[in-house]
Structure formats: structure tokens, C-alpha cells
Amino acid sequence: MSTTLANPVEMIRQGAPRLIRSDEELTVYTEALFELTSKPSLSSEEEEAIELLTVLIERYETEHYPIPEAEPADVLRFLLDQN
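Everything in this summary refers to the structure shown in the same document.

So, how was this worked out
Residues numbered from 1 in each chain as written. Predicted model: local features only at pLDDT ≥ 70, side-chain atom pairs only at ≥ 80, totals over all residues. Heavy atoms only, no water. Helix = DSSP H or I, 4+ residues; strand = E, 2+ residues; numbered from the N terminus. Rg over C-alpha atoms; globule rule 2.2 N^0.38 Å. Buried < 20%, exposed > 50% of the residue type's maximum accessible area, 1.4 Å probe, protein only. Axes fitted to C-alpha atoms, helices over the stretch in contact; angles between N-to-C directions. Parallel < 35°, antiparallel > 145°, perpendicular 65-115°, else oblique. Left-handed = near helix turned anticlockwise from the far one by under 90°. Contact = heavy atoms within 4.5 Å. Core = buried A, V, L, I, M, F, W, Y, C linked by side-chain atoms within 4.5 Å.

This paragraph deals with the overall build of the chain. Scanning the chain from terminus to terminus reveals four helices and zero strands. Ordered by position in the sequence, the α and β elements of the chain form the string α-α-α-α. The globule rule puts the C-alpha radius of gyration for 83 residues at 12 Å, and the 17 Å found for the chain is more than 25% above it. On the principal axes, the C-alpha backbone points of the chain span a range of 55 × 30 × 25 Å. Expressed as a percentage of its 83 residues, the buried residues of the chain come to 13%.

Time to look at the packing of helix α2 (residues 23–37) against helix α3 (residues 44–64). Packing of α2 against α3 brings their axes to within 10 Å, and their N-to-C directions diverge by 150°. It follows from the interaxial angle that α2 and α3 lie roughly antiparallel. The handedness of the crossing between α2 and α3 comes out as left-handed. Here Asp23, Leu26, Tyr29, Thr30, Ala32, Leu33, Leu36 and Thr37 of α2 lie close against α3, whose contacting residues are Glu46, Ala49, Ile50, Leu53, Thr54, Leu56, Ile57, Tyr60 and Glu61.

On to the nonpolar core, then. Across soluble globular proteins, nonpolar side chains show a tendency to be buried alongside one another. Residues Ile20, Leu26, Tyr29, Leu33, Leu36, Ile50, Leu53, Leu56, Ile57 and Tyr60 constitute the largest nonpolar core, which totals 10 residues. Looking at this core, the elements with two or more residues in it are α2 and α3. Sort the elements by how many residues they give to this core and α3 lands first, with five residues. When residues no more than four places from it in sequence are discounted, the contact partners of Leu26 are Ile20, Ile57, Tyr60, Glu61 and Tyr65.

Tracing the backbone shows Leu26 in helix α2. For the pair Leu26 and Leu56, spaced 30 residues apart in sequence, the C-alpha to C-alpha distance is 8.9 Å.

Structural data, given as C-alpha cells:
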């Protein structure tokens, strides 16, 4: 096993990103993602953090806020009605 992942439990204890379990956590992760993506230039670690946060956010949103199947015309009609 890699020394980086030798103790993943300790990594989580020290604050490593983990699975999102609530809308409050989703807000925190989303704000962190927006902060990182607003930087003019990124380190390779920041780019990796963006990718990880994106995966975690997408997983939570897919499970808790699924987008229903719809025909393109129905989506357009809905958007026009809303605006």
C-alpha cells in the first residue's frame, strides 16, 4: 500500500475531504470549490482538489437531486415558462 494511503482513517481525522452527507456539507464543499476555481492560476495540488471536490459534489447531487428524464422540447418549454 502506498505511504500516502497508509492510514486513510487518520487522513479523515485530520480533515481530508470525505463523502458529503448533508446539504450543509454540500454548501461547504461547493464554496470551497468556487474559491479554488476563481483563482487565476492553480498548482497541480489545487487542480487535483478541484477534481476531487467535483466528484464528491456530483455524487451527492446525483443521489439527492436527480434530474428527471425529459425531452429537449419539454425542457425548453419549462425554461421559457419560468422566465
